[in-house]
Amino acid sequence: MISTPRHFLELKDVASSELRRIIDMGALFKRGEKLNGAAQPLAGRALAMIFEKPSTRTRVSFEIAMKQLGGSVVVLTPNEMQIGRGETIADTARVLSRYVDAIMMRTTENDKLAELASFAEVPVINGLTDHSHPCQLMADIMTFEEHRGDIGGRRIAWCGDGNNMTRSWIEAAARFGFEMRLACPPELAPPQDAIDWATDQGATIVSTADPDEAVDGADCVVTDTWVSMGDTEADKRHNLLSPYRVDQRLMDRAANDAIFMHCLPAHRDEEVTADVLDGPQSVIWDEAENRLHAQKGILAWCLS
Ligand code: CP
Ligand code: NVA
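Residues numbered from 1 in each chain as written. Chains lettered and ligands numbered in written order. Predicted model: local features only at pLDDT ≥ 70, side-chain atom pairs only at ≥ 80, totals over all residues. Heavy atoms only, no water.

Draft legend 1. The sheet that holds strand 1 (residues 46–51), seen in detail. A sheet is described by the order of its strands in space; here four strands give the open sequence 2-1-3-4, paired in parallel fashion. Edge positions in the open sheet fall to strand 2 (72–76) and strand 4 (124–126), since each of these has one partner strand only. Pairwise comparison of adjacent strand axes, ignoring direction, gives a mean angle of 20° for this sheet. Pairing geometry for strand 3 (residues 102–106) and strand 4, over three bridges, is parallel. Paired with Met104 across the strands is Ile125, a residue of strand 4. Along the sheet face, helix 2 (residues 57–68) touches strand 1, strand 2, strand 3 and strand 4 and points at about 175° away from the line of strand 1. (Pairing = 2+ DSSP bridges. Helix = DSSP H or I, 4+ residues; strand = E, 2+ residues; numbered from the N terminus. Axes fitted to C-alpha atoms, helices over the stretch in contact; angles between N-to-C directions. Contact = heavy atoms within 4.5 Å.)

Draft legend 2. The arrangement of the layout of surface pockets in detail. Within this model, the largest pocket holds a volume of roughly 330 Å³. Taken together, 22 residues make up the lining of the largest pocket; nearest its centre are Arg106, Leu128, Met229, Leu264 and Pro265. At the level of elements, helix 2 and helix 6 (164–176) are the ones that each hand at least two residues to the lining of the largest pocket. Here the lining of the largest pocket is composed, by residue class, of eight nonpolar, nine polar and five charged. (1 Å grid on protein atoms, 1.4 Å probe; cavity = no way out; pocket = protein on both sides within 12 Å on 5 of 7 lines; lining within 4 Å. Points joined across faces, edges and corners; volume = space filled by probe spheres on them. Nonpolar A, V, L, I, M, F, W, Y, C, P; charged D, E, K, R; others polar.)

Draft legend 3. A look at the packing of aromatic side chains. Under the defined criterion, the tally for this structure stands at two aromatic pairs. Pairing Phe8 with Trp301 gives two aromatic rings, centres 6.3 Å apart and planes at 80°, and the pair type is edge-to-face. Remark: Trp301 occurs in helix 12 (residues 284–303) and Phe8 occurs in the segment before helix 1 (16–30); sequence separation between them is 293 residues. In this pair, the class of Phe8 matches that of Trp301, namely buried. Aromatic side chains Trp169 and Phe178 sit 5.9 Å apart centroid to centroid with 75° between the ring planes, which places their arrangement in the edge-to-face category. (Phe/Tyr/Trp six-rings, centres within 6.5 Å; stacked < 30°, edge-to-face > 60°. Buried < 20%, exposed > 50% of the residue type's maximum accessible area, 1.4 Å probe, protein only.)

Draft legend 4. Region of the structure containing the packing of helix 1 against helix 5 (residues 134–148). Two numbers describe how helix 1 lies on helix 5: the axes approach to 10 Å, and their chain directions differ by 65°. Relative to helix 5, the element helix 1 lies roughly perpendicular. Of the two elements, helix 1 crosses helix 5, and the hand of that crossing is right-handed. For the pair helix 1 and helix 5, the contacting residues are Leu19, Arg20, Ile22, Ile23, Gly26, Ala27 and Lys30 in the first and Met138, Ile141, Met142, Glu145 and Glu146 in the second. (Parallel < 35°, antiparallel > 145°, perpendicular 65-115°, else oblique. Left-handed = near helix turned anticlockwise from the far one by under 90°.)

Take a look at the structure:
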C-alpha cells in the first residue's frame, strides 16, 4: 500500500500537537542535540527547491538546514526547467519524486502547490505562495517563545496588508491558542475565510481598521512589506497603508515588554520606522535565524 506523503502545506492542515513537535525538534537542533541518537538524521536524503519568486532567507536556510542534517539540495527555477516550456506541474512532480525525497516550492497561486502535492510521491513543503507562508510562522512562534515563553493565551497584533503572512498568522492563532488582532485597511482586508476557519476552531480573532485598537496591550506587534512579490499598484498600496506604519508611538500602546517581529525583507520608514526595526524591542535577526532551526524541524517531520 502506498502511504500519503507527509506534506507541509498549510498550518491548518497539521494538528497542533504535530506543529508543537516540529518546533520542539527545531529547538533541539538549535541546541546542537541529536535526534533519536542521530547527529545527521537526513543523511543520504535530497530536497529539490523550486523558486518561481525571489528569496534570500528561505533559499539559504533550507539549503543549510538540509546540509547540516546530512542531506543535499537541488535548486531549480522554472525558466531553467521544462515547466518553462510547458511541461505540467503534475509530470514534474512525478519525475522529481523519482530523484529526491522532498520538494519545496515557492510559487504564486496556491493551486500550483496543491497540484504538485497531489501528484508528488514525496512530501511537498510550501515555501510561500500568494496565499500563505507557513514555514515563516514556525520560525515566528519559536522566536516569540524564546523571548517571552509560551505563546498560548498571548495577544499578537498585525498592522498592515492582509496578505499571505496574515493568513498564516491567523491559522497559527488557532493552532497555538493565542489571540490575534488584525489592523488592515478595508481595501486590503485579511482573508475572511481564514478568520472564519480560525474562529470555528475556537480562536479569538479581532479585525479592525484601527491600528491603535489592535496594538493596545499586545505582547507582540508584527508587520510586513506593503508590496508583496507580484503585487501591483504600489503607489495605491502605499497610500492605503501609510496609517498602518509601525512607529514608536504605536509600539508604546503595546505591553511594556512587547516585541516587534517582521518576516523580512523590510523597508525602513515604510511599513516600520527604522528606530523600531533596529531598536531594542525588535527580534528580527533571531526571527531570521530561526528559519534555519524551525525548517530543520519541518524537514525532519516530513521525512521521518
Ligand atoms: N521571509 C522570507 O521568506 O524571506 P525570503 O523571501 O528572503 O525567503
Ligand atoms: N508578503 C511578502 C512576504 C515575503 C517573505 C511577500 O509575499 O512578498
